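Okay, here's what each chain looks like letter by letter:
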Number of protein chains: 2
Amino acid sequence: MTKPSIPKGTRDFSPETMIKRNYIFDTIKSIFNLYGYKPLETPSMENLSTLMGKYGDEGDKLLFKILNSGDFLASTTDEDKSSSIKLMHKISEKGLRYDLTVPFARYVTMYRNDIVFPFKRYQMQPVWRADRPQKGRYREFYQCDVDVIGTTSMLNETELIMMINDVFKALKINIIIKLNNRKILSGIASFIGYSDKLTDITVAIDKMDKIGYDNVIAELRDKGIEDEGINRLTPILTLAGDNRTKLASLKEILKDNEEGLKGIEETEAIFSLLEDCPNATAPLELDLTLARGLNYYTGAIIEVKSADTVIGSICGGGRYDNLTSIFGLPDVSGVGVSFGAERIYDVMNELNLFPEKSTQTTQVLFVNLGDKEARYCLPLISKLRHEGINSELYPDSVKFRKQMEYANKRGIPFVIIAGEDEIAKNCVSVKNMINGNQNTVGKDEFVSLLTKNN
Amino acid sequence: MTKPSIPKGTRDFSPETMIKRNYIFDTIKSIFNLYGYKPLETPSMENLSTLMGKYGDEGDKLLFKILNSGDFLASTTDEDKSSSIKLMHKISEKGLRYDLTVPFARYVTMYRNDIVFPFKRYQMQPVWRADRPQKGRYREFYQCDVDVIGTTSMLNETELIMMINDVFKALKINIIIKLNNRKILSGIASFIGYSDKLTDITVAIDKMDKIGYDNVIAELRDKGIEDEGINRLTPILTLAGDNRTKLASLKEILKDNEEGLKGIEETEAIFSLLEDCPNATAPLELDLTLARGLNYYTGAIIEVKSADTVIGSICGGGRYDNLTSIFGLPDVSGVGVSFGAERIYDVMNELNLFPEKSTQTTQVLFVNLGDKEARYCLPLISKLRHEGINSELYPDSVKFRKQMEYANKRGIPFVIIAGEDEIAKNCVSVKNMINGNQNTVGKDEFVSLLTKNN
């Protein structure tokens, strides 16, 4: 029999890992709920007609396609079988979800008459990509998207930033939030005389952090930006001062550019609204080099970085005006961000931020010293569970040492021992596995002792 | 542009449905955690070598197979292309998970040296089957399995039954738990002289509830059970009295059958242990006709029915001795049950058991009466969220009526109105959307008012 294995690029998540992952997902969800976002789930499979052509040629190749059931070759011709591409179109009609955005757009288009707008939804589900597996890149991974659509107010951007603050405060991750606006980027491109090269310009300046100013300028020249343009761009990229000062300078520079001014106005509105939000405490920086998949965004662009690690972006998103136009429904504007759960996991692991105790860890193990003793424990364990304390009774009356080892390996902080002596005295012994202390307490008092410790 | 749709047999889950589904999943999970079970997740895709041959020929057909990436025809011959079956083996190496049992067995086999036994795990993930879609049968649906392996003590069965009690008590579903034992069924088959027809006998008597005694007997005759066998079986199937009485009578009948007696002993142990469990209050019936996928179980067989609906089994499982033998690892005994989340949903919907309020519903909507008013609300909404109250600020200052409609449609019970008057007086108006009452309270008191109502 061959040793079983799992497909390349996929992972099993052990209980230890799941407890950590769930801690992240549950924390994020609870904050989403506080802000009135609601859960949505779409099928793992979508029709290929929904998915194909939405992620570019490369994306089409990376879609996992599902073989039609039954005699899938039945109505194929020799011509169909002459190439993989031709045959694929005949023998596969469904593919696995590649991201959460296209299914969301498909959902909104399908149910547009039933949805109450503004529609605030979050979606946390796995996606699949037939990428070459490598360190940190998987073929199955979770995305965690939160969006509000059907509203253009800057209050949405503001609340998203407040929510980002709350999520990372809850996870104890120090962050820096970067903010930009696509309209400002358009304004800048136009101001330097290269409206037609907006993408080239933003792709280049987006690399400022990674490759530095000189290399960015070299790339811009390479893309055909002449000296005059670069001379106009340089003072913008090197704007100094705080966000307000930068915006004021920029307003002066772009004073003749309507789109640029609109972007500045939107950004000022967000900064101004945030002054009234007592919890928006993470550093927020206007970063004119921030672009992120520019073609998709039409207004605010948001990115979050962990302040204490070199792990890059852990959350990002922005405003878009055409979510559903790919499905023929125009003018659905929205704003949203995606939390990088896998990277957040890496940050928390690196900084040791996972709590020792979670809703999913066992707090108390009852040692099993025999039939009679186990019976004595059954009503006691019920009491603890009734108080919300996760508790286990070791099922077999094996050696005491083996049971203590189990408690240790599972990281269970309290062990209850009830042998003949304890039963005779109507009490139990409670052993603290962290400091080794052991106390004998009455059957009726041990619950409150453990509740206090919980 | 064609109207988008989703594959047959799959479903979108709207926020309203998701909130209900999550209520079920979260409740079940919290009880699993109380009992020391830990979460596990396995990949959606498994190698076809792991899946094929584990579910019978029919199962192999119902597996969703994933087309290999890239030029999948590259190394195929004309002979390969001559039939769908032959080609499938050449162009597909992965399939979607069909259940949670085989991946669990694969996991335990792979990580047997790292796992601390007894290993208590739960797994709640979707599975996929290329079944013909029909009412109540989907191609993608969740399973929710909980098992403890590496231990043979009847305390495990007992705790599972306690846990079942707690889960359904938390969901407010009245249940009847049925218990049987595969060894008793073997003993009965042997006692009536048809050990070789164990499967036929159990398949027939398992239908007692549905088709009635006469039809069961007819089916048994059909399968070749002669009068003498039926005469020996009849008194067993019609045993009267409570569980203890039935077991006592059965013990007398099967007194010369070792396996049968072992099954009775196991069952008596469970009944006896449950007497010490204060929360095991749901009716528990010894049901000698209960079989459920018999070939898999080796000891206790458990099934749970909703007492107040005709929706059949909502949870079931049992003891097995050979979880991992399909992967070459013998003697891994365990016991577990699977909660039928989809059916539990139907029961709760039918009986109107979903709570009005959940951790995912919005409790308070702040009406947006303009820029200045929204700014006044921002720190107030932060306060509420800080108290754990899910709150939204309507993002656009549209017509009052439209905003109230939004609150109504979303089922939000409280609306906060803060206009010029309220701002001047440093207060807010709180409208109860259920009884229509409206109160004006100070900016500092409204939080405690709503906390009380929460």
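Predicted model only: the values in this text are computed from it and were never measured. (Residues numbered from 1 in each chain as written. Chains lettered and ligands numbered in written order. Predicted model: local features only at pLDDT ≥ 70, side-chain atom pairs only at ≥ 80, totals over all residues. Heavy atoms only, no water.)

(A) Quick peek at the overall build of chain A. Per the secondary structure count, chain A includes 17 helices and 16 strands. By the compact-globule yardstick of 22 Å for 454 residues, chain A is too spread out, its C-alpha radius of gyration being 28 Å. The principal-axis extent of the C-alpha atoms belonging to chain A is close to 90 × 70 × 45 Å. Per-residue burial for chain A yields a buried fraction of 59% across its 454 residues. Sequence-distant contacts in chain A: of pairs separated by 6 or more residues, those separated by 24 or more amount to 67%. Summed over all atoms, the accessible surface of chain A reaches about 19,200 Å², with 47% contributed by carbon and sulfur. Of the charged side chains in chain A, 58 are positive and 63 negative, and the gap between their average positions amounts to 6 Å. (Helix = DSSP H or I, 4+ residues; strand = E, 2+ residues; numbered from the N terminus. Rg over C-alpha atoms; globule rule 2.2 N^0.38 Å. Buried < 20%, exposed > 50% of the residue type's maximum accessible area, 1.4 Å probe, protein only. Contact = heavy atoms within 4.5 Å. Areas by Shrake-Rupley, 256 points an atom, 1.4 Å probe, with all protein chains shown as cover. Lys, Arg positive; Asp, Glu negative; His and termini not counted. Charge placed at Lys NZ, Arg CZ, Asp CG, Glu CD.)

(B) Seen up close, the pattern of salt bridges. Going through the model one piece at a time under the given rule, you end up with 52 salt bridges over all chains. A:Arg410 is the partner of A:Glu392 in a salt bridge, and the nearest nitrogen-oxygen pair spans 3.4 Å. Of this pair, A:Glu392 sits in strand S13 (residues 391–393) while A:Arg410 is found in the loop between helix H15 (400–409) and strand S14 (414–417), placing the two residues 18 residues apart along the sequence. One salt bridge connects B:Glu252 with B:Lys255, and the closest N-O pair in it is separated by 3.7 Å. A relative accessible area of 48% places B:Lys255 in the partly exposed class. (Salt bridge = Lys/Arg side-chain N within 4 Å of Asp/Glu carboxyl O.)

(C) Fine view of the sheet that holds strand S15 (residues 427–432) of chain B. Residues and elements named next belong to chain B. Strand order across the open sheet formed by five strands is S13-S12-S14-S15-S16, with mixed pairing between neighbours. Two strands in the sheet have a free side with no partner beyond their single neighbour: strand S13 (391–393) and strand S16 (438–442). On average, adjacent strands in this sheet sit at an angle of 25° to one another, irrespective of strand direction. Direction of pairing for strand S12 (residues 364–366) relative to strand S14 (residues 414–417): parallel, over a ladder of three bridges. Looking across to S14, one finds that Val 364 is bridged to Phe 414. (Pairing = 2+ DSSP bridges. Axes fitted to C-alpha atoms, helices over the stretch in contact; angles between N-to-C directions.)

(D) Region of interest: the confidence of the model for chain A. On average, residues of chain A score 94 in pLDDT, and 99% of them are at 70 or above. For this predicted complex, the interface confidence reaches an ipTM of 0.94, while the overall pTM sits at 0.95. (pLDDT = per-residue confidence, 0-100.)

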